[in-house]
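# Coordinate analysis (summary)
Here's the letter readout for the chains.
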Amino acid sequence: MSESQPKTAEDLFRFLDQLGIEHKTKNHEPVFTVAESVALRDEMPGGHTKNLFVKDKKDNYFLLTVEEHATVDLKTVHQVIGAASKVSFGKPEKLMEYLGVIPGAVTAFGAINDTEGSVKVILDEDLMKFDIVNCHPLSNDATTAIATKDLLRFMEATGHEPLVLKVTA
């Protein structure tokens, strides 16, 4: 990992613009949980995300991006995502080091900061059924909407090959 500063929302928007990816962002009060963010639903259609930063016993890191109300069984998800063991949540220091975000602001867009490809990105197939996906733009005081197909393009442009798997109950 380079010692450079994590990218900002403005860096993210510039990157999306360079890729020709349309995006729409709504600023709001900081939200730390799915429950706090439900007020946005009427204003922002599409799938809203919940993101889990997890690791296995061999220090392989994974970002699981799922629909906000989905349930992920942490006791069995390792079998689906190819982890070496059961997974546990990654430490905040590793979250900042790899994805450039703090707990409560975990987002699929964090892949822009993972320049070494240290984190395997898993997108839940149920989330990918939406036309639009809503994610935090590297901070939890805004929500950015992009087309689902563009989320895949974004991941590939960051050097990640996201796996689209059924990881939710």
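Attention here is on the structure that accompanies the text. (Residues numbered from 1 in each chain as written. Predicted model: local features only at pLDDT ≥ 70, side-chain atom pairs only at ≥ 80, totals over all residues. Heavy atoms only, no water.)

Our next topic: the pairing of strand β6 (residues 132-135). Both strand β2 (residues 47-55) and β6 contribute to a ladder of two bridges, which runs parallel. Counterpart to His 48 in the pairing with β6 is Asn 134. Both β6 and strand β7 (residues 142-147) contribute to a ladder of four bridges, which runs antiparallel. Bridge assignment links Asn 134 to a residue of β7, and that residue is Ala 145. (Pairing = 2+ DSSP bridges. Helix = DSSP H or I, 4+ residues; strand = E, 2+ residues; numbered from the N terminus.)

This part covers helix α4 (residues 92-99). Of all the residues in α4, the buried ones are Leu 95, Tyr 98 and Leu 99. Looking straight down α4, one finds its buried side chains confined to an arc of 85°; they lie on one side. Where α4 is buried, its residues meet β2, β3 (61-67) and β5 (119-124). (Buried < 20%, exposed > 50% of the residue type's maximum accessible area, 1.4 Å probe, protein only. Arc of directions from axis to C-beta. Contact = heavy atoms within 4.5 Å.)

Following the criterion strictly, the structure yields four aromatic pairs and no others. Seen from their ring centres, Phe 53 and Tyr 61 are 5.3 Å apart, and the 20° between their planes marks the pair as stacked. The residues Phe 53 and Tyr 61 share a single accessibility class, namely buried. Arranged with centres 5.3 Å apart and planes meeting at 90°, the rings of Phe 109 and Phe 154 form a pair that is edge-to-face. One end of the pair, Phe 109, is in the loop between α4 and β5; the other, Phe 154, is in helix α5 (residues 148-157), with 45 residues separating them in the sequence. In terms of burial, Phe 109 and Phe 154 fall into one category: buried. (Phe/Tyr/Trp six-rings, centres within 6.5 Å; stacked < 30°, edge-to-face > 60°.)

That's the geometry; what it means functionally is another story.
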